[in-house]
Amino acid sequence: DAGITQSPRHKVTETGTPVTLRCHQTENHRYMYWYRQDPGHGLRLIHYSYGVKDTDKGEVSDGYSVSRSKTEDFLLTLESATSSQTSVYFCAISDWDRNTEAFFGQGTRLTVV
Amino acid sequence: AQSVTQLDSQVPVFEEAPVELRCNYSSSVSVYLFWYVQYPNQGLQLLLKYLSGSTLVKGINGFEAEFNKSQTSFHLRKPSVHISDTAEYFCAVSWNSGNTPLVFGKGTRLSVIA
C-alpha cells in the first residue's frame, strides 16, 4: 500500500469552528489532492497541490483552504465549518512521471453538528 | 468543464452472472482512464487503467474494460461475478495525459445477489 496517512480518521465538530485535516505521505509524490465524497455525487475535487507552496482550486473549493509547506504534508482547513461540509474527505497522491495512477488514503469522516 | 458520466447508480446482479458497468466521458483528447473500487468504509483501490495502446485492458479480480474513442466510453465488465464483488465502482478520467486531476463519475453500486 502507498504510504498515505490521514488524520484524524473521524471528527465531530460544531458549526462555526475551524477544522484542519492532515494528509501525510511517505512516497515523495509531487501531486497531492483533497476530495470529498458525498452520496450521489461521487468524489469531487476540493483543492490540489503540484508542489511545495503550489496549490490550485478544484470544483468545490468554497469554504476550504489548503497549505503545503513541505512535500510530505498537505493540510485542508475549514475556516468555519458548516453542516454542508459534513462528508468523507479523501487525500490522494500521484506522480505521473513515476506511477501512472493516483493512490488514496483511508478517508476522514467529518461530521459538523 | 470536462465530465464523467456513470449511467447506472445501482446494478443488482445474481452471483455468477456477467455484469457491465457503463462509463462515458466528455472528450477523448489525450485521456487517461481508470476504474476504482471502494469496499464499505475503505478507501479507493485501483481496478484497472488505460493509458495508451491496446483498447482492451485487464485488471485485478477478473475485471476488464474497453476504451472506445469514438463513443468516448470506458465500460467495465466481468464475465462472472462473486458475492465479494459487492462494492461501489468509480470511473475516473484525467485529461492531457495525467496533467490534470482525476475527475470522477458519481459511482455505481454493484450488489451481487446469492
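The structure presented is a predicted model; accordingly, all values stated were derived computationally and were not measured.

About the thresholds
- Residues numbered from 1 in each chain as written.
- Chains lettered and ligands numbered in written order.
- Predicted model: local features only at pLDDT ≥ 70, side-chain atom pairs only at ≥ 80, totals over all residues.
- Heavy atoms only, no water.
- Helix = DSSP H or I, 4+ residues; strand = E, 2+ residues; numbered from the N terminus.
- Rg over C-alpha atoms; globule rule 2.2 N^0.38 Å.
- Buried < 20%, exposed > 50% of the residue type's maximum accessible area, 1.4 Å probe, protein only.
- Areas by Shrake-Rupley, 256 points an atom, 1.4 Å probe, with all protein chains shown as cover.
- Lys, Arg positive; Asp, Glu negative; His and termini not counted.
- Charge placed at Lys NZ, Arg CZ, Asp CG, Glu CD.
- Contact = heavy atoms within 4.5 Å.
- Buried area = accessible area lost by both parts, 1.4 Å probe.
- Salt bridge = Lys/Arg side-chain N within 4 Å of Asp/Glu carboxyl O.
- Polar contact = N/O pair within 3.5 Å; in protein donor to acceptor, adjacent residues only side chain to side chain.
- Disulfide = S-S within 2.5 Å.
- Phe/Tyr/Trp six-rings, centres within 6.5 Å; stacked < 30°, edge-to-face > 60°.

A. Local environment of the overall build of chain A. For chain A, the helix and strand inventory stands at zero helices and 11 strands. Its C-alpha radius of gyration of 13 Å places chain A within 12% of the 13 Å reference for a compact globule of 113 residues. Taken along the three principal axes of its C-alpha coordinates, chain A extends 40 × 25 × 25 Å. Out of the 113 residues belonging to chain A, those deemed buried represent 50%. A total accessible area of about 5300 Å² is found for chain A, and carbon and sulfur atoms account for 45% of it. The centroid of the 12 positive side-chain charges in chain A is displaced by 4 Å from the centroid of its 14 negative side-chain charges.

B. Structural context of the interface of chain B and chain A. Contacts between chain B and chain A engage 19 residues on the former and 19 residues on the latter. In this assembly, chain B packs against chain A so that about 1600 Å² is buried in total across both faces, 58% of it on carbon and sulfur atoms. Among the residues of chain B in contact with chain A, Leu-44, Pro-101 and Phe-104 of chain B are the three that bury the most area, contributing 29% of the side total. Across the contact surface, chain B and chain A share zero salt bridges. Seen at the junction of chain B and chain A, the total is three residue pairs in polar contact (both at pLDDT 80 or more). Mapped by element, the contributors of at least two residues to the side of chain B that touches chain A are β5 (32-38) and β6 (44-50) of chain B.

C. Examining the state of the cysteines more closely. All names here are of chain A. Within this structure, the stated rule accounts for two disulfides over all chains. In this model, Cys-23 is linked to Cys-91 through a disulfide, with the two sulfur atoms separated by 1.9 Å. Given an S-S torsion of about -70 degrees, the disulfide between Cys-23 and Cys-91 has left-handed geometry. Of the two residues, Cys-23 sits in strand β3 (residues 19-25) while Cys-91 sits in strand β9 (residues 87-95), which places them 68 residues apart along the sequence. For the pair formed by Cys-23 and Cys-91, the shared burial category is buried.

D. Representation of the side chain of Asp-38 of chain A. All names here are of chain A. Tracing the backbone through its elements, the reader meets Asp-38 in strand β4 (residues 31-38). Since its relative accessible area comes to 11%, Asp-38 is described here as buried. Side chain to side chain, Asp-38 and Ser-87 meet in a polar contact 2.8 Å long. If sequence neighbours within four positions are ignored, Asp-38 has contacts with Arg-44, Thr-86 and Ser-87.

E. Structural view of the packing of aromatic side chains. Following the criterion strictly, the structure yields 14 aromatic pairs over all chains and no others. Ring geometry for Tyr-35 of chain A versus Phe-104 of chain B: centroids 5.3 Å apart, planes at 85 degrees, classification edge-to-face. Highlighted residues: Tyr-35 of chain A in strand β4 and Phe-104 of chain B in strand β11 (residues 103-104), drawn from two different chains. Through a chain of ring-to-ring contacts, the aromatic side chains of Tyr-31, Tyr-33, Tyr-35, Tyr-48, Tyr-50 and Phe-104 of chain A together with Phe-34, Tyr-36, Phe-90 and Phe-104 of chain B assemble into a single cluster.

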